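Read off the chains here:
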Amino acid sequence: MFLRIDRLQIELPMPKEQDPNAAAAVQALLGGRFGEMSTLMNYMYQSFNFRGKKALKPYYDLIANIATEELGHIELVAATINSLLAKNPGKDLEEGVDPVSAPLGFAKDARNAAHFIAGGANTLVMGAMGEHWHGEYVFTSGNLILDLLHNFFLEVAARTHKLRVYEMTDNPVAREMIGYLLVRGGVHAAAYGKALESLTGVEMTKMLPIPRIDNSRIPEAKKFMDLGFHRNLYRFSPSDYQDLGLIWQGASPEDGSQVVVIDGPPTGGPVFDGGHDAAEFAPEFHPGELYEIAKKLYDKAK
């Protein structure tokens, strides 16, 4: 089972303006072939299907725990996309608009019109070109070494896409999120590399980083490295997955510093609220009635 905390893994900067085309690019990092939906569902189903949960517990703990962190990564990328699409961040009410005036006329020039037609200016489970994420992206073979090798590949492929999206946009919200995920993805790639080395003797971490550009060269990633995020493997459970440290030990391939398991999640930051959008009828064209209903619920509870 899962315990949900109503915070993002980091605090994102508030958006200064709508940036729909940056949002379209960032969608690759959510629902693309190597996006966070894929990392989550690969690791989650491998943990569901894991054979030898007791005999091979350190490896089960590693895959299951990283899968849980990926839930927060999906949340973070979605918050980023929502912030890039938001017209009124955090605003509860907005004056009604006249649909005849084409208030969404600007969206016809956006690269992903589905954000505004299907999503109400929100995140969708798709890649950068509108292709929907699907289960064929999930690999779970039942063979531990093969699954770990796939996961290592998945992380470095995801890193490649993050760097390319970073090069596409200088939007500060997008770059803050990408910087963080570059660091955390580096931890996951290193963790899977260390697991493979313990099983096979092959020093997989010597191949890192792929592509051959250090995270320290990316200002938004270096910020999180300076805070030690590249050394930390967070244990997302009150009492389980205690054997992470049997694999996550030794030197970080990032800078040679000692890695450590942290009990509990990172401190994180507030969740993002895209605010009311009258043109999208979100949460409704005349939201006052909805808020009045919610107020009555609160009043009854007193």
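Presented here is a report on the structure given in the accompanying data block. Starting afresh in each chain, residues are numbered from 1 along the sequence in its written order. Only residues with pLDDT of at least 70 get local features here, since the model is predicted, and only at 80 or more are side-chain atom pairs given and counted; chain-wide, interface and lining totals rely on the full set of residues. Side-chain measures were taken over the full set of non-hydrogen atoms in the model, leaving aside hydrogen atoms and water.

### Overview of the overall build of the protein chain
In this description a helix means any DSSP run of H or I spanning at least four residues, a strand means any run of E spanning at least two, and both kinds are numbered starting from the N terminus. Tallying secondary structure elements over the protein chain gives 9 helices and 2 strands in all. For the protein chain, the N- to C-terminal ordering of α and β elements is α-α-α-α-α-α-α-α-β-β-α. Since a compact globule built from 302 residues should have a radius of gyration of about 19 Å, the 21 Å found for the protein chain is in line with a globular shape. Along the first, second and third principal axes, the C-alpha set of the protein chain runs to 65 × 50 × 35 Å. Burial here depends on accessible area, computed with a 1.4 Å probe over protein chains only, as a share of the maximum for the residue type. Under 20% is buried, over 50% is exposed, and the range in between is partly exposed. Going through the 302 residues of the protein chain one by one, you find that 50% of them count as buried. Contact definition: two residues touch when any of their heavy atoms are within 4.5 Å. Intrachain contacts of the protein chain at a sequence separation of at least 6 include 80% that bridge at least 24 residues. Put simply, the protein chain shows about 14900 Å² of open surface, and 56% of that area lies on carbon and sulfur atoms. Distance between charge centres in the protein chain, computed from 29 positive and 38 negative side chains, equals 5 Å. Each radius of gyration reported is based on C-alpha atoms, and the globular scaling rule is 2.2 Å times the count of residues to the power 0.38. Every accessible area reported is derived by Shrake-Rupley at a probe size of 1.4 Å, with residue values counting cover from the shown protein chains alone. Only four residue types enter the charge count: Lys and Arg as positive, Asp and Glu as negative, with His and the chain ends excluded. In plain terms, the charge of a residue is placed at NZ if it is Lys, CZ if Arg, CG if Asp and CD if Glu.

### A closer look at the side chain of Arg 184
Secondary-structure assignment places Arg 184 in helix H7 (residues 172–200). Each residue touching Arg 184, except ones within four places of it in the same chain, is listed here: Glu 69, His 73, Phe 229, Asn 232, Leu 233 and Tyr 234.

### Some words on helix H8 (residues 219–226)
Buried within H8 are the following residues: Glu 220, Ala 221, Phe 224 and Met 225. Angular distribution of buried residues about the axis of H8 spans 145 degrees; they occupy a single face of the element. Among the exposed residues of H8, those oriented more than 90 degrees off its buried face are Pro 219 and Asp 226. Tucked inside the fold, the buried residues of H8 contact helix H6 (144–168) and H7. With its phi angle positive at about 90 degrees, Gly 228 sits one or two positions after the end of H8. To obtain the arc, one takes the directions from the helix axis to the C-beta atoms.

### Concerning the pattern of salt bridges
Whenever a carboxyl oxygen of Asp or Glu lies within 4 Å of a side-chain nitrogen of Lys or Arg, that contact is scored as a salt bridge. With the rule as written, the count across this model stands at 13 salt bridges. When the shortest N-O distance is used, the salt bridge between Asp 299 and Lys 295 registers 3.2 Å. One end of the pair is Asp 299 and the other is Lys 295, both in helix H9 (residues 288–301) and 4 residues apart, which spans about a single turn. For Asp 299, a relative accessible area of 36% puts it in the partly exposed group. Look at Lys 295 and you get partly exposed, because its relative accessible area is 44%.

### Some words on the layout of surface pockets
The computed volume of the largest pocket comes to approximately 870 Å³. Around the largest pocket, the lining is made up of 31 residues, and of these Phe 2, Leu 3, Arg 4, Thr 68 and Phe 236 lie nearest the centre. Taken together, the elements giving at least two residues each to the lining of the largest pocket come down to helix H3 (36–49) and helix H4 (57–85). For the lining of the largest pocket, the element with the most residues is H4, which contributes 8 residues. Note on residue categories: nonpolar means Ala, Val, Leu, Ile, Met, Phe, Trp, Tyr, Cys or Pro, charged means Asp, Glu, Lys or Arg, and polar means any other residue, Gly included. Taken together, the residues that form the lining of the largest pocket break down as 16 nonpolar, 9 polar and 6 charged. The distinction between a cavity and a pocket rests on a 1 Å grid over the protein atoms alone: a 1.4 Å probe fits inside a cavity but cannot get out, while a pocket stays open yet meets protein on both sides within 12 Å along at least five of seven lines, and a residue with an atom within 4 Å of a point counts as lining. Grid points are joined across faces, edges and corners, and a volume is the space filled by probe spheres set on the points.

### Quick notes on unusual backbone geometry
Of note, the bond from Leu 208 into Pro 209 is cis; its omega dihedral lies within 30 degrees of zero at 0 degrees. One can find Pro 209 in the loop between H7 and H8. Here the bond from Ala 282 into Pro 283 is cis, since omega is 5 degrees, no more than 30 degrees from zero. For Pro 283, the position within the fold is in the loop between strand E2 (260–263) and H9. Located in the positive-phi region is Ala 102, a residue other than glycine, with phi close to 55 degrees. Unusually for a residue other than glycine, Ala 121 sits at a positive phi of about 60 degrees. Here Ala 121 is to be found in the loop between helix H5 (114–117) and H6.

### Regarding the side chain of Thr 205
With respect to the secondary-structure elements, Thr 205 resides in the loop between H7 and H8. What Thr 205 contacts, discounting residues up to four positions off in sequence, is Ala 190, Gly 193, Lys 194 and Pro 253.

### Here we look at the nonpolar core
One broad rule of soluble globular proteins: the nonpolar side chains tend to lie buried together. Of all hydrophobic cores here, the largest spans 76 residues; its most connected members are Leu 62 and Met 177. Of all the secondary-structure elements, those providing two or more residues to this core are helix H1 (20–26), helix H2 (28–31), H3, H4, H6, H7, H8 and strand E1 (232–235). A total of 15 residues in this core trace back to one element, the largest contributor, which is H7. Discounting residues that sit within four places of it in the chain, Met 177 has contacts with Ile 10, Leu 12, Val 26, Leu 29, Leu 76, Val 77 and Thr 80. Working definition of a nonpolar core: buried Ala, Val, Leu, Ile, Met, Phe, Trp, Tyr and Cys residues. They are joined through side-chain atoms within 4.5 Å.

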